Amino acid sequence: MADTEIQHIRLQRQHFRSVRRRQAFRQILSNASAVWGIGLTLLVLFVSLVGPWIITYQPLEVDIVRRLTAPGAQHWFGTDNFGRDILSRVVHGTRNSAQIGIVVALIASVIGLVVGLYSSMYKWLDQILMRVMDALYAFPAILLAIAIMAALGPSMQNLTICLIIVFIPAVARIVRSVAIVTREQTYIEAMEVLGASNLRIIWRHLAPNALPALVVQASFVFAESIIVEAALSFLGAGIPAPTPSLGNQLSEAKMFIFNSWWMTLFPGFALILTVLAMNLLGDGLRDMLDPHTAAAVKKPKKNKFGFRAWMPTRKGGV
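In short, a report on the structure.

Reading the values: rules and limits
Residues numbered from 1 in each chain as written. Predicted model: local features only at pLDDT ≥ 70, side-chain atom pairs only at ≥ 80, totals over all residues. Heavy atoms only, no water. Helix = DSSP H or I, 4+ residues; strand = E, 2+ residues; numbered from the N terminus. Contact = heavy atoms within 4.5 Å. Axes fitted to C-alpha atoms, helices over the stretch in contact; angles between N-to-C directions. Parallel < 35°, antiparallel > 145°, perpendicular 65-115°, else oblique. Left-handed = near helix turned anticlockwise from the far one by under 90°. Nonpolar A, V, L, I, M, F, W, Y, C, P; charged D, E, K, R; others polar. 1 Å grid on protein atoms, 1.4 Å probe; cavity = no way out; pocket = protein on both sides within 12 Å on 5 of 7 lines; lining within 4 Å. Points joined across faces, edges and corners; volume = space filled by probe spheres on them. Phe/Tyr/Trp six-rings, centres within 6.5 Å; stacked < 30°, edge-to-face > 60°. Lys NZ or Arg CZ within 6 Å of the ring centre and 35° of its normal.

Here His92 shows up in helix H3 (residues 86–121). Look past the residues within four positions of His92 in its chain and what remains in contact with it is Pro52, Pro59 and Pro244.

Next up, the structure:
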């Protein structure tokens, strides 16, 4: 009889898990931002990972005879002022940007999670860590990144370290705000009365409640790090040439923008597509993982002409 009950409980758990999977899948399909974001993100990752193995031309291969060649059958995206294949350089540049974005998002999220959680638990530590975060957050991201890169020097490793420092404050502030709200809940006070340690409260209760906001913020950090990396490379303080980067490709193309439009068009389109994919993915994740934000979004109302509003309105700010 006991074995039968255990088997019945296991079947019920499997059924509940399958129901949750179907509900999550339907929720994703019902969210247009999530669908487009996932699709475009998978496309960018596929091009970044598989593209370098498919393209026959190397990104640093110089062919002076075919310099500034328009897009055609041999060079689909044309060539630049050194005769290098732009398609190959765009694919490798997107790969470098995605690599930097992933590393920055992961490390900044982990450090920001630790800083935000411990700041919300200990007031004396909050005064120290948050003042440091406020000092970093007071500077615009691009200006702070330029200052750090001027001290470290242009390289891919230094650029990654620079962007991690730039985006830690944003993650830490988000995690801290969510953790402070969670600490005010009754069950947290009950656990403190029962003698639960601060370490247990932080990692068993505060951290899981902060994960949805952390995941959403990480997707935006990914997109913003790609933009800042491209801006720094455009200014010459990011990935040094001739290493392919979307930013330094646009920097080289500005001299030929009127005569060789393809040098600007394709790297710019790749940058827009990558950032758009991550922003759409972040919007979709926010609507699915944060029920308070999703509930704050009103349905589009009809205006006096009988048409629905294009953008939903929100209650208050984020």
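Once that is clear, we can look at the packing of H3 against helix H4 (residues 123–137). Two packed helices can be described by the angle between their axes and the distance between those axes. Orientation of H3 relative to H4, taken along the N-to-C sense of each, is 140°, at an axis distance of 6 Å. When the axis of H3 is compared with that of H4, the two are oblique. Both H3 and H4 take part in a crossing whose hand is left-handed. Contacts from Val115, Tyr118, Ser119 and Met121 of H3 reach H4 at Lys123, Leu125, Asp126, Leu129, Met130 and Met133. Of the residues contributing to the contact of H3 with H4, the split by class is seven nonpolar, one polar and two charged.

Here we come to the layout of surface pockets. Empty space within the second largest pocket amounts to approximately 520 Å³. Taken together, 25 residues form the lining of the second largest pocket, with Val47, Ile55, Phe77, Leu87 and Val91 sitting closest to its centre. Elements supplying a minimum of two residues to the lining of the second largest pocket: helix H2 (32–54), H3 and helix H10 (262–289). The greatest single-element share of the lining of the second largest pocket, amounting to seven residues, is contributed by H2. Residues of the lining of the second largest pocket, tallied by class, amount to 18 nonpolar, six polar and one charged.

All right, on to unusual backbone geometry then. The omega torsion of the bond from Ala241 to Pro242 falls at 10°, within 30 degrees of zero and hence cis. The topology assignment puts Pro242 in the loop between helix H8 (198–235) and helix H9 (246–253). Notably, Leu68 is not glycine yet its phi reads approximately 55°, a positive angle. Looking at where Leu68 falls in the secondary structure, it is placed in the loop between H2 and H3.

Counted according to the given criterion, the structure contains five aromatic pairs. Centre to centre, the rings of Phe77 and Phe266 are 4.1 Å apart; their planes meet at 5°, and the pair counts as stacked. Of this pair, Phe77 sits in the loop between H2 and H3 while Phe266 sits in helix H10; the two residues are 189 residues apart in sequence, bridging distant segments of the chain. Taken together, the ring pairs connect Phe77, Trp261, Trp262 and Phe266 into an aromatic cluster. When the ring centre of Tyr137 is taken as reference, the NZ or CZ atom of Arg173 above it lies at 4.5 Å. Directly above the ring of Phe234 sits Lys254, whose terminal nitrogen or CZ lies 5.6 Å from the centroid.

By themselves, these observations are geometric and do not establish any function.
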